[in-house]
Amino acid sequence: MIERLRRGDGARLRAIRLRALADAPEAFGSTLAESEARSVVEWEAQIEALPTFVWREGGADLGMVRGAPHDSDLDAGYLISMWVAPEARGRGVADALVGEVVAWARGRGLRRLVLDVGEHNVPARRLYGRLGFVATGGTGTLPGPRTHLREVEMVMELAESRGSVTARTVDGAG
Ligand SMILES: CC(C)(COP(=O)(O)OP(=O)(O)OC[C@H]1O[C@@H](n2cnc3c(N)ncnc32)[C@H](O)[C@@H]1OP(=O)(O)O)[C@@H](O)C(=O)NCCC(=O)NCCS
């Protein structure tokens with residue numbers, strides 16, 4: 001079941017984000033060390049600023065994703081912080097989480113969703129490609145000192161992908 005985190009859920013966000021950063025450090029721009037140092041106030045502020053969705057199962061948070069405003073394109077949003085716990089992978093949890101960010105973006109009238117994914121992150125690239133994200137040709141790296149880790153930019157045009165994502169989300173959430 002997917003749940004949107006709300007004010008007061010800062011401890012939950014901290015716990016799942018730290019687990020994600022420990023599990024997959026090369027998938028994220030933030031580091032475990034800098035995130036461990038954040039205060040409760042900062043985690044609460046992140047929840048206020050960014051729509052945050054978690055996959056809850058058996059009383060535990062086993063997946064997360066967030067949306068964010070694009071820094072230069074008013075018609076776009078970002079999909080960030082995607083992570084599914086190893087014990088919950090391979091059964092569509094990520095599909096359902098992406099669907100929530102797509103719904104959030106559509107609700108804001110955004111025309112496209114953008115993300116950056118590690119060049120060598122085959123599971124994530126397969127996931128995003130299957131859901132309708134396409135590589136833009138844009139590339140970048142993680143922040144220093146990890147600039148050797150290259151990322152590729154992918155975009156989903158929301159107007160064109162309405163039917164397929166909705167269907168996959170329902171399947172994934174089933
Ligand atoms: C990428 C990630 C979110 C996918 O989550 P998921 O719920 O397993 O997604 P899916 O079930 O759609 O599987 C996606 C791909 O993972 C791979 N996969 C499938 N089962 C798997 C398993 N049990 N364990 C690991 N990977 C598996 C497959 O390649 C699959 O693609 P396919 O179905 O087209 O063959 C998850 O692997 C993850 O959290 N990875 C670490 C963090 C990360 O890379 N985040 C993305 C940052 S851009």
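Every chain is numbered on its own, with residues counted from 1 as its sequence reads. Side-chain atom pairs in this predicted model are given and counted only at pLDDT of 80 or more, local residue features only at pLDDT of at least 70, and totals for whole chains, interfaces and linings cover all residues.

Engineer: Go over the packing of helix α1 (residues 10–23) against helix α3 (residues 40–49) with me, naming the residues and quoting the values.
Structural biologist: Where α1 contacts α3, the axes come no closer than 8 Å and their chain directions differ by 95°. By the angle class used here, α1 and α3 are roughly perpendicular. The residues of α3 that touch α1, namely those facing G10, L13 and R14, are V40, W43, E44, Q46 and I47. Under the scheme applied here, ten amino acids are nonpolar (Ala, Val, Leu, Ile, Met, Phe, Trp, Tyr, Cys and Pro), four are charged (Asp, Glu, Lys and Arg), and all others, including Gly, are polar. Taken together, the residues of the contact of α1 with α3 break down into four nonpolar, two polar and two charged. The axes are straight lines fitted to the C-alpha atoms, using for helices just the contacting stretch, and the angles between their N-to-C directions are given from 0 to 180°. Only DSSP runs of H or I covering at least 4 residues are called helices, and only runs of E covering at least 2 are called strands; the numbering of each starts at the N terminus. What sets the label is the angle itself: under 35 degrees gives roughly parallel, over 145 gives roughly antiparallel, 65 to 115 gives roughly perpendicular, and the rest give oblique. We call two residues in contact whenever the C-beta atoms placed from their backbones are within 7 Å.

Engineer: Describe the sheet that holds strand β5 (residues 112–118), with residues and values.
Structural biologist: Hydrogen bonds between backbone groups are what pair the strands of a sheet, and the pairing can be parallel or antiparallel. Strand order in this open sheet of seven strands is β1-β2-β3-β4-β5-β7-β6, and the pairing throughout is mixed. Since the sheet does not close on itself, it has two edges, and those belong to β1 (2–4) and β6 (134–141), each with one partner. Across the sheet, the mean angle separating the axes of adjacent strands is 30° when strand polarity is ignored. Between any two strands, pairing holds if DSSP finds at least two bridges. Here three bridges tie strand β4 (residues 76–84) to β5, and the two strands are oriented parallel to one another.

Engineer: Before we move on, can you summarise the site of the ligand with the specific residues and values?
Structural biologist: Using a C-beta atom placed from the backbone, a residue is scored as near a molecule or strand whenever that atom is within 6 Å of it. Of all residues adjacent to the ligand, which total 19 residues, the nearest are A27, R89, G90, A94 and P123. Every element with two or more residues in the shell around the ligand is listed here: β4, α4 (93–107) and α5 (122–131). Examining the composition of the shell around the ligand, we find that five residues originate from one element, α5, more than from any other. Grouping the constituent residues of the shell around the ligand by class yields 11 nonpolar, three polar and five charged.

Engineer: Could you give an account of α1, naming the residues involved and the relevant values?
Structural biologist: The span one expects for a helix is its residue count, reduced by one, times 1.5 Å. If you check α1, its first and last C-alpha atoms are 20 Å apart, about what 14 residues at 1.5 Å a residue would give, namely 20 Å. Using C-beta atoms placed from the backbone, we call a residue buried if 20 or more other C-beta atoms fall within 10 Å of its own, exposed if 12 or fewer do, and partly exposed for counts in between. Within the sequence span of α1, burial applies to G10, L13, I16, R17, A20 and L21. Viewed along the axis of α1, the buried residues span an arc of 140°, placing them on a single side of the element. Counted as exposed and oriented over 90 degrees from the buried face of α1: A11 and A22. Against α2 (32–36), α3, β2 (52–57), β3 (60–69) and β4 lie the buried residues of α1. The directions from the helix axis to the C-beta atoms are what the arc is built from.

Engineer: How would you explain the nonpolar core if you had to name every residue and give the values?
Structural biologist: General note: in soluble globular proteins, nonpolar side chains tend to be found buried as a group. Counting 36 residues, the largest nonpolar core has V65, L97, V98, V101, L113 and L115 as its most contacted members. Looking at this core element by element, the count peaks at nine residues for α4. Dropping the residues within four chain positions of it, L115 is found in contact with Y78, L79, I80, Y128, F133 and M154. A set of buried Ala, Val, Leu, Ile, Met, Phe, Trp, Tyr and Cys residues, joined to one another through C-beta atoms within 7 Å, is what we call a nonpolar core.

Engineer: Describe in detail the environment of A85, supporting the description with residues and values.
Structural biologist: Among the structural elements, A85 can be located in the loop between β4 and α4. Owing to 18 C-beta atoms within 10 Å, A85 belongs among the partly exposed residues under this scheme. Expressed as a C-alpha distance, the spacing of A85 and M64, which sit 21 residues apart in the sequence, is 8.9 Å.

Engineer: Outline unusual backbone geometry, listing residues and values.
Structural biologist: The omega torsion of the bond from G144 to P145 falls at 5°, within 30 degrees of zero and hence cis. In the Ramachandran plot, S81 falls in the positive-phi region, its phi being about 65° despite a non-glycine side chain. Mapped onto the elements of the fold, S81 is located in strand β4.

Engineer: Could you give an account of the confidence of the model for the protein chain, naming the residues involved and the relevant values?
Structural biologist: Taken over all residues, the pLDDT of the protein chain has a mean of 92, while the share at 70 or more is 91%. Within the model, pLDDT remains below 50 along residues 161–174, and this stretch shows 20 contacts once partners closer than five positions in the same chain are excluded. The quantity called pLDDT is the predictor's confidence in a given residue, expressed from 0 to 100.

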